[in-house]
Amino acid sequence: MNVVEMQGVSRTYGPVTALRDLSLQVRAGELTALLGPNGAGKTTAISLMLGLSRPTSGTVRVLGEDPRHSAVRARIGAMPQESALPGALTVREAVTLFASFHAAPLGVGQALALAGLEDRANRRAGRLSGGERRRLAFALALIGNPELLLIDEPTTGMDAASRQAFWEALGELRGQGRSVLLTTHYLEEAERAADRVLVLHGGQLLAGGTPEALRAQVGGARVSFRAGLTLAEVRALPGVRSAQVGEGGHTELHTDTPERLLAELVGRDVPFRDLEVRRATLEDAFLTLTATGHSSQTASPSPSPASPLSQGA
Amino acid sequence: MTTPPIPAPSTLRPSAPLGPALRQLTLAESRRLSREPMFLVGTVGFPVLFYALFGLPREGLPLAASQVTLLNLAAFSLVSLSLFSFGANVAAERTGGWLRLMRTSPVPLPVYVAAKVLAAWIYGALSLTLLFTFAGVVGGVWLGTAGLLAALKLLLGMASLVALGLMLGFLIRPAAAVVVANVASLLLVFASGLALPLEMLPAGLARVAPLLPTYHLGVVGRSPLLGSEHEALSWLVLLGYTLLFGMVAAWALRRDEARE
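Since the model is a prediction, treat every value here as computed from it, not as a measurement.

Regarding the sheet that holds strand β10 (residues 221-227) of chain A
Residue and element names in this part refer to chain A.
- Taken in spatial order, the four strands line up as β11-β12-β10-β13 in an open sheet, and their pairing is antiparallel. This sheet does not close on itself; its edge strands, each paired only once, are β11 (240-245) and β13 (272-279). Within the sheet, the average angular offset between the axes of one strand and its neighbour, ignoring direction, is 15°.
- Bridge count for β10 against β13 is six bridges, and the pairing is antiparallel. From the neighbouring strand, serine 224 faces β13, where its bridge partner is glutamate 276.
- Contacts between helix α10 (residues 258-267) and the sheet are confined to β10, β11, β12 (250-255) and β13, with β13 contributing the most and set at about 170° to the helix.

Right under this line is the structure:
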C-alpha cells in the first residue's frame, strides 16, 4: 500500500518548471528520503503532498485522498521548511494550540518528550535556538498522532545531539507503523535511517530504491593503494571508471568490480601496500546520479544488472 | 527514550470540533497582544494623551463637548488597534510561514481569521475601558449607559477596520505593512475628524471625510450622545466597507495560495 502517489505531476510557476511529469510512490510504514540538489523540486513536491498547492497537471493522492481536502490533513503531520512560530507563545502553549485542532491528539507532554523539548516547555518560542525551533515544529507535526509525516529539511540548524534524538524519535514512530517522507541535505543521515531513497533532479525522478540498491547502482567501490603503476596501467585494470595516480605511486580509483581488480593485482604479482577499499556511499551515488542527470530508466551508468532499480516501488 | 507508548492513530477519525480550536486560537492571539504591550502605546497611549491635552473639560470646553471628544478618541483607539495589531501582524505571519503551517493543519482558515476578529473585539473593549476610566477618574467625565452603548456600536463598526487591517496584511510585505499601516491610520484618524474637529482641517480634506469608514465610525459612536438622523446610512457604509475589504483580503489570500 502506498501513502503517497503522484502520477504524471507537473508544476509550473510562470515560465519556471519546478516538476516535470513526475511519478512517484511512498510506501506505507517506511521512512523515505527525498534527495536532490537545490532547485530539484523537493519542496514543491512536499507542498503538493501537503495540499498547499495544486499540480498544473497530473494527480496527487495522499492516504488515498486529495490532500487539498481538510479531512485528510487531520491524518498528516506537516513540518514545512519555514514555520516561524508565534514568538510570544511558550512551547507548551503552541503545542496545546495545535492539539486543539485534532480530535484524538497525543498528550502534550508526550509530544514534547518525543521532540526532546520537556526542559524548554515554558520558554517562549521567540527565544528558542534554530535547532529548538525545528524541534518545536516537529512536536507540532506529531501532536495530531498522524499516520504520515511529511517533513521538509528537518535537521537544518540542529546540533549533533538534537539530530540524533530526532532520528531516534522518527525510528520509534516508524517502529509503530507510521510512514515518514522527508527531504534532507545530510546524505549520511538518509543512508543510515531511510528504508528507501528517491532522487529528484530538474523536477524529475532520477532514481529510487533502497540506499543499498542506489549505492550498488553507482556500483563498486573506491580503492586506494601505493604501487609503481602508471596512470595508463591503472586505467587498464578491471572495471576502473576513474583513477588518479599521485606522489609516491599513491593511487585512487573507482571501480565497478573491486574483487576482480584485486585478483588481477595479486595475480600479476604487482607489489602494493596501504590498501584501502571503501564501498561507494550514498553520497557517491547521489553525486554520480545528479552529475550525469540521466534518468536511471534510460541510461544506467552501471553495467551491473544485479541492482535493478524500480521507480520508488 | 522513556516516553509512554504512542497510541495507534484511530482509523475512524471524526474531524475535531471547531469550538476548541477557535478558543485556543483566540487565546493565542490574546497572549500575543498582552505579551507585546507596545500596541498599547498606539491604541491607548495616544488617545489618552490627546484627551489629556485637548479633551478634558476646561473653561471654553463644556462637558458635552468633552464627552464628544472622548467618543472620537475612542474610535481613534480602535483604528490603531485594527491596523497595527492585526494588519502588520498578519503580514508577518504570512511571510514567516506561520500562515502556511496553519494551512497544512485541519483547521479551516476562516477559523484563524475569526479568532483574530474575536481577539480584536476583546482588546478593543479593553482599550475603551481604559480610555473611559481615564476620562472618568482624571477628568470626572463619565458617560454612563450612553458610553456603554457607544462602546458596543464602536466595536461593531470596528469590523470594517479589522477587515481593512486583514486586507493590508494579506496584500503587503511585512516591512511595507508597518509603513502603510502608519500612513493609513494617520489619514483615517485625522481626515475623518476623529483626532481634531473637522472645522480645523483644510476645506478640501473636510469634503473628503464622508468617504472614509472612520468618519462613519465616528457618526455611529457619537450617536448615543448626539443622535443622528443619518446613522442608518453610516451603518450601511460601514457594512459596505467591511464586505469590500473582506473580499479583497480573500482575493489576496487566494493569490498567495496560487504562488505555492
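Here we look at the confidence of the model for chain A
- When pLDDT is averaged across chain A, the result is 87; 93% of the residues are at 70 or more.
- Across residues 295-313 of chain A, confidence stays below pLDDT 50; counting only partners more than four residues off in sequence or on other chains, it has 34 contacts.

Let's talk about the nonpolar core
- Core analysis: the largest hydrophobic core is formed by 128 residues, its most contacted members being A:Val95, A:Phe98, A:Leu136, A:Phe138, A:Ile151 and A:Leu170.
- Looking at which element gives the most residues to this core, the answer is helix α3 (residues 63-96) of chain B, with 13 residues.
- One finds A:Leu19, A:Ala45, A:Leu181 and A:Leu198 within the second-largest nonpolar core, a separate group that totals 28 residues.

Details of the packing of helix α3 (residues 91-99) of chain A against helix α5 (residues 130-142) of chain A
All names here are of chain A.
- Remark: α3 packs on α5, axes separated minimally by 9 Å, with the N-to-C direction vectors making an angle of 25°. The angle between α3 and α5 places the two elements in the roughly parallel class. Between α3 and α5 lies a crossing whose hand is right-handed. Contacts between α3 and α5 involve Val91, Ala94, Val95 and Phe98 on the former and, on the latter, Leu136, Ala139 and Leu140.
- For the contact of α3 with α5, the class distribution of residues is seven nonpolar, no polar and no charged.

Remarks on the packing of aromatic side chains
- For the structure on display, the rule yields nine aromatic pairs over all chains.
- Through pairs of rings, three or more aromatic residues link up here, namely B:Phe50, B:Phe54, B:Phe76 and B:Phe190.
- Its end group placed over the ring of A:Tyr186, A:Arg163 keeps NZ or CZ at 4.1 Å from the ring centre.

Considerations on the interface of chain A and chain B
- Contacts between the two partners involve 47 residues from chain A and, on the opposite side, 37 residues from chain B.
- Across the chain A/chain B interface, buried area totals approximately 3,700 Å², and carbon plus sulfur atoms make up 62% of it.
- On the chain A side of the interface with chain B, the three residues burying the most area are A:Leu52, A:Phe101 and A:Gln110, jointly 17% of the side's total.
- On the surface where chain A and chain B come into contact, there are two salt bridges.
- Where B:Arg35 meets A:Glu93, a salt bridge forms, and the shortest distance between an N and an O atom there is 2.8 Å.
- For the pair chain A and chain B, the interface holds six residue pairs in polar contact (both at pLDDT 80 or more).
- Those elements that place two or more of their residues in the side of chain A that touches chain B are β1 (2-13), α2 (70-73), α3, α4 (108-114) and α6 (160-175) of chain A.
- Ranked by the residues each element gives to the side of chain A that touches chain B, the list is headed by α6(A), at five residues.

Examining the environment of A:Ala216
- Note that A:Ala216 resides in helix α8 (residues 211-218).
- Residue class for A:Ala216 comes out partly exposed when judged on its relative accessible area of 34%.

Quick look at the packing of helix α2 (residues 39-55) of chain B against α3(B)
Residues and elements named next belong to chain B.
- The interhelical angle for the contact between α2 and α3, taken along N-to-C directions, is 160°, at an axis separation of 8 Å. The orientation of α2 relative to α3 falls into the category roughly antiparallel. Crossing hand, α2 versus α3: right-handed. Residues Phe39, Gly42, Thr43, Phe46, Pro47, Phe50, Tyr51 and Gly55 of α2 lie in contact with α3, whose contacting residues are Ser66, Thr69, Leu70, Leu73, Phe76, Ser77, Ser80, Leu81 and Ser85.
- In terms of residue class, the contact of α2 with α3 is made up of nine nonpolar, eight polar and no charged.

Here is what the cut-offs are and how they apply
- Residues numbered from 1 in each chain as written.
- Chains lettered and ligands numbered in written order.
- Predicted model: local features only at pLDDT ≥ 70, side-chain atom pairs only at ≥ 80, totals over all residues.
- Heavy atoms only, no water.
- Pairing = 2+ DSSP bridges.
- Helix = DSSP H or I, 4+ residues; strand = E, 2+ residues; numbered from the N terminus.
- Axes fitted to C-alpha atoms, helices over the stretch in contact; angles between N-to-C directions.
- Contact = heavy atoms within 4.5 Å.
- pLDDT = per-residue confidence, 0-100.
- Core = buried A, V, L, I, M, F, W, Y, C linked by side-chain atoms within 4.5 Å.
- Buried < 20%, exposed > 50% of the residue type's maximum accessible area, 1.4 Å probe, protein only.
- Parallel < 35°, antiparallel > 145°, perpendicular 65-115°, else oblique.
- Left-handed = near helix turned anticlockwise from the far one by under 90°.
- Nonpolar A, V, L, I, M, F, W, Y, C, P; charged D, E, K, R; others polar.
- Phe/Tyr/Trp six-rings, centres within 6.5 Å; stacked < 30°, edge-to-face > 60°.
- Lys NZ or Arg CZ within 6 Å of the ring centre and 35° of its normal.
- Buried area = accessible area lost by both parts, 1.4 Å probe.
- Salt bridge = Lys/Arg side-chain N within 4 Å of Asp/Glu carboxyl O.
- Polar contact = N/O pair within 3.5 Å; in protein donor to acceptor, adjacent residues only side chain to side chain.

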